[in-house]
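Chain by chain, the residues:
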Amino acid sequence: MLGELIGEIQAEETGRRVLSAGDGHPVVEVSIKGTGSYYGTAVSTIATYESELRSDGCLFGEGQGVDMTADGQGVGWHGSGIGHFTDGGGTSFRGAIFFSTASPALERLNGVVGVFEFETDAGGKITGKFYEWK
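Computed from a prediction, not measured in an experiment: that's the story for all the values here. (Residues numbered from 1 in each chain as written. Predicted model: local features only at pLDDT ≥ 70, side-chain atom pairs only at ≥ 80, totals over all residues. Heavy atoms only, no water.)

> Honestly, the pairing of strand S1 (residues 2-20) in this entry has me stumped. Any pointers?
The two faces of a sheet get side chains in turn, since along a regular strand they alternate between them. Here 8 bridges tie S1 to strand S8 (residues 125-133), and the two strands are oriented antiparallel to one another. Bridging across to S8, Glu 8 finds its partner in Lys 129. Relative to strand S2 (residues 27-38), S1 runs antiparallel, the two being bridged by 12 bridges. Residue Ile 9 lies in a different strand from S2, and its bridge partner there is Gly 36. Between S1 and S2, which pair antiparallel and follow one another directly, the connecting turn spans 6 residues, one of which, Asp 23, has a positive phi of 60 degrees. (Pairing = 2+ DSSP bridges. Helix = DSSP H or I, 4+ residues; strand = E, 2+ residues; numbered from the N terminus.)

Take a look at the structure:
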């Protein structure tokens, strides 16, 4: 069951590179930066994820990132999901995300399993939402 909204991000792609293109299953690495919040605490975010195009046309993505508050408190995360290309030339992903932090401001994230939805447009603009999975 989905719980409350953990947070949201707005980001943009800062780089892309092809990691593998063999056997018809290309793997692309994407780096992003942006801003967002967790439970109302504002953060800046940097992340990198890899997406593999599978033979059925879907994308498998896996990534990690670091989010920082204005006073230097941080949270690390790791996530995995399944996506697809959208009609407009972007991507849409759904998946799970796991957090780890020593930050007093963000400690509520420890032990939370999050589910996410991410949308990227053809120009590399990204929006994402995270929800608790209860």
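> Would you mind showing me how to read the pattern of salt bridges here?
If charged atoms from side chains of opposite charge come close, those side chains can pair. For the structure shown, the criterion picks out 7 salt bridges. In this structure, Arg 108 and Glu 4 form a salt bridge, with 2.6 Å as the shortest nitrogen-oxygen distance. Taken together, the residues Arg 108 in the loop between strand S6 (91-100) and strand S7 (113-120) and Glu 4 in strand S1 connect sequence positions 104 residues apart. Here Arg 108 falls in the partly exposed class, since its relative accessible area comes to 44%. Since its relative accessible area comes to 40%, Glu 4 is described here as partly exposed. Arg 17 is paired through a salt bridge with Glu 29; the nearest N and O atoms lie 2.7 Å apart. Of the two residues, Arg 17 is situated in strand S1 and Glu 29 in strand S2; the sequence distance between them amounts to 12 residues. Arg 17 sits in the partly exposed class, given a relative accessible area of 49%. Residue Glu 29 is classed as buried on the basis of its relative accessible area, which comes to 16%. Within this structure, Glu 4, Arg 108, Glu 132 and Lys 134 form a network of salt bridges that share partners. (Salt bridge = Lys/Arg side-chain N within 4 Å of Asp/Glu carboxyl O. Buried < 20%, exposed > 50% of the residue type's maximum accessible area, 1.4 Å probe, protein only.)

> Just to check I follow, could you spell out the layout of surface pockets for this structure?
To find leftover empty space, a probe the size of one water molecule is rolled over the atoms. Considered as a void within the structure, the largest pocket measures approximately 290 Å³ in volume. Broken down by element, the lining of the largest pocket gets its largest block of residues, 4 residues, from strand S3 (residues 41-53). Classifying every residue of the lining of the largest pocket gives 9 nonpolar, 5 polar and 4 charged. (1 Å grid on protein atoms, 1.4 Å probe; cavity = no way out; pocket = protein on both sides within 12 Å on 5 of 7 lines; lining within 4 Å. Points joined across faces, edges and corners; volume = space filled by probe spheres on them. Nonpolar A, V, L, I, M, F, W, Y, C, P; charged D, E, K, R; others polar.)

> Whenever I open this one, the environment of Ser 51 confuses me. Can you help?
Residue position: Ser 51 is located in strand S3. Through-space distance from the C-alpha of Ser 51 to that of Gly 81 is 9.3 Å; in sequence the pair is 30 residues apart. Beyond its immediate sequence surroundings of up to four residues, Ser 51 is in contact with Pro 26, Val 27, Val 28, Phe 60, Gly 61 and Phe 93. (Contact = heavy atoms within 4.5 Å.)

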